[in-house]
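In case you want the letters, here they are:
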Amino acid sequence: MDRNIFEDEHEMFRDAARSFYTNEVLPHSERWREQGIVDRDAFLKAGEQGMLLMWADEKYGGAGVHDFRYEQILIEEIAKYGDPGFFMTLHSRLVGPYIGELGTEEQKARWLPKCISGEHILAVAITEAGAGSDVSGVRTKAEDKGDHYLLNGSKTFISNGILADLVIVVARTDSSRHGLSLFVVERGMEGFERGKNLKKMGMKSQDTAELFFNNVKIPKENLLGEWNRGFYQLMHFLAEERLLGACQYLANAEAAFDATMEYTQERKAFG
Ligand SMILES: Cc1cc2nc3c(=O)[nH]c(=O)nc-3n(C[C@H](O)[C@H](O)[C@H](O)COP(=O)(O)OP(=O)(O)OC[C@H]3O[C@@H](n4cnc5c(N)ncnc54)[C@H](O)[C@@H]3O)c2cc1C
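Residues numbered from 1 in each chain as written. Predicted model: local features only at pLDDT ≥ 70, side-chain atom pairs only at ≥ 80, totals over all residues. Heavy atoms only, no water.

Visitor: Quick question: what am I supposed to make of the pairing of strand S5 (residues 180-186) here?
Guide: A regular strand places its side chains so that they alternate between the two faces of the sheet. Most of S5 is tucked away, with six of its seven residues classed as buried. Alignment of strand S4 (residues 166-172) against S5, held across seven bridges, turns out to be antiparallel. Note that in S5 the partner of Val-167 across the bridge is Val-185. In this sheet, strand S8 (residues 223-224) lies alongside S5 in antiparallel orientation, the contact comprising two bridges. Each residue of the ladder has a partner; that of Leu-182, found in S8, is Leu-224. (Buried < 20%, exposed > 50% of the residue type's maximum accessible area, 1.4 Å probe, protein only. Helix = DSSP H or I, 4+ residues; strand = E, 2+ residues; numbered from the N terminus. Pairing = 2+ DSSP bridges.)

What follows is the structure, given as structure tokens:
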């Protein structure tokens, strides 16, 4: 289908993305699928190309580009020339904006540069055994202990769950239905454990895991956004997730269609 939404500079970026995926992602795809996880340095290489958190301000090392079409191009090209299990978009546009929009200046300066370079990988942990579509069913709990928060509970189906260095965790902070808050849990915090890398039907190279929090002491500086406003903050960010999802599903369907078409045209059967 002909589309007229892209300008020349987008097409130049598309060429760069295609070449990056062809050289740095596709050659590893089969191994990544077998091992159930991408190599960490794939994020570093994407960071070197300026392809992570492109929207972030230049003062943190980003490109300050808010044009959604660049992310759309990354999604479209990875479906055809890379491996959609390398979930750069989750890192860059599903999770990164929580820090970019809700973070204080101190938090942004502390976390964004390493996310942009690919040294730190991001995840968001909402889902629990009893809370999926029904986000208000979250039972993971954070208590205010004066000089820190105490986090207890568990999450499941968390994308980038094994690789993540910073996990935005949704926890109950009030008994009211929507009394949730967001906390940044960092790799290495005592009591933060990872469970199994879960087996899935697709996205084989994407690590999707269980996470456990047993009396994790969260510094006060790691509360993200306002206390008890987590539910509303999630609803705000989940809206763009739908758009990113739509781009991804269409791109993957088109890649599957093209591969099938190519195969049926090349294959000779019954003489
Ligand atoms: C590959 C993968 C990656 C994921 N990554 C993450 C992640 O990074 N972070 C994270 O937090 N979560 C993640 N998830 C979890 C995902 O967000 C949940 O699976 C999703 O929210 C649905 O929740 P659920 O699986 O509990 O299904 P349920 O909520 O139990 O829904 C099951 C079915 O019931 C339907 N349904 C639910 N409620 C109603 C209702 N009231 N009326 C009618 N129908 C209803 C749903 O539409 C669905 O078809 C991931 C899941 C997968 C499969």
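Visitor: For this particular structure, what's the right way to read the domain arrangement of the protein chain?
Guide: When its domains are assigned, the protein chain resolves into domain 1 (8-120 + 233-263) and domain 2 (129-227). Domain 1 and domain 2 are separated by 22 Å when their C-alpha centres are compared. If you look at the interface, domain 1 gives 30 residues, while domain 2 gives 25 residues. For the pair domain 1 and domain 2, the summed buried area comes to about 2,200 Å², and 64% of that belongs to carbon and sulfur atoms. (Domains from an automatic or database assignment. Contact = heavy atoms within 4.5 Å. Buried area = accessible area lost by both parts, 1.4 Å probe.)

Visitor: Help me understand the site of the ligand in this model?
Guide: The environment of the ligand is formed by Val-124, Ala-125, Ile-126, Thr-127, Gly-132, Ser-133, Phe-157, Ile-158, Ser-159 and Lys-200. Residue Thr-127 places a side-chain N or O atom 2.7 Å away from a nitrogen atom belonging to the ligand. Summarising the interface, the protein chains cover 38% of the accessible area of the ligand, which totals 970 Å² for the free molecule. Going through the elements one at a time, strand S1 (122-125) and strand S3 (148-159) are the ones with two or more residues in the shell around the ligand. Counting residues per element, the shell around the ligand draws most heavily on S3, which supplies three residues. (Near = heavy atom within 4 Å. Polar contact = N/O pair within 3.5 Å; in protein donor to acceptor, adjacent residues only side chain to side chain. Areas by Shrake-Rupley, 256 points an atom, 1.4 Å probe, with all protein chains shown as cover.)

Visitor: What is the right way to read the pattern of salt bridges from this model?
Guide: Where charged atoms from two side chains of opposite charge approach closely, those side chains can pair. Across all of its chains, the model carries 23 salt bridges by this definition. The salt bridge involving Asp-134 is made with Arg-177; its shortest N-O contact spans 3.9 Å. Residue Asp-134 is located in the loop between S1 and strand S2 (141-144), and its partner Arg-177 is located in the loop between S4 and S5; the two are separated by 43 residues in the primary sequence. According to the relative accessible area criterion, Arg-177 is exposed, its value standing at 55%. Several salt bridges converge on common partners, so that one network encompasses Arg-3, Glu-11, Arg-14, Arg-18, Glu-76 and Glu-77. (Salt bridge = Lys/Arg side-chain N within 4 Å of Asp/Glu carboxyl O.)

Visitor: What should I look at first to understand the pairing of S1 in this one?
Guide: What you see with S1 is no split at all: Leu-122 and Val-124 on one side and Ala-123 and Ala-125 on the other are buried throughout. Taken together, the four bridges between S1 and S4 define a ladder with parallel strand orientation. When the bridges of S4 are listed, Ala-123 appears paired with Val-167.

Visitor: Would you mind showing me how to read the nonpolar core here?
Guide: Soluble globular proteins tend to pack their nonpolar side chains together in the buried interior. Core analysis: the largest hydrophobic core is formed by 62 residues, its most contacted members being Phe-86, Met-88, Tyr-98, Ile-168 and Leu-224. Here this core takes eight residues from helix H7 (residues 230-266), the largest share from any one element. Looking at which domains feed residues into this core, each of domain 1 (8-120 + 233-263) and domain 2 (129-227) gives three or more. What Phe-86 contacts, discounting residues up to four positions off in sequence, is Val-25, Trp-32, Val-38, Ala-42, Phe-43, Ala-46, Ile-78 and Ser-205. (Core = buried A, V, L, I, M, F, W, Y, C linked by side-chain atoms within 4.5 Å.)

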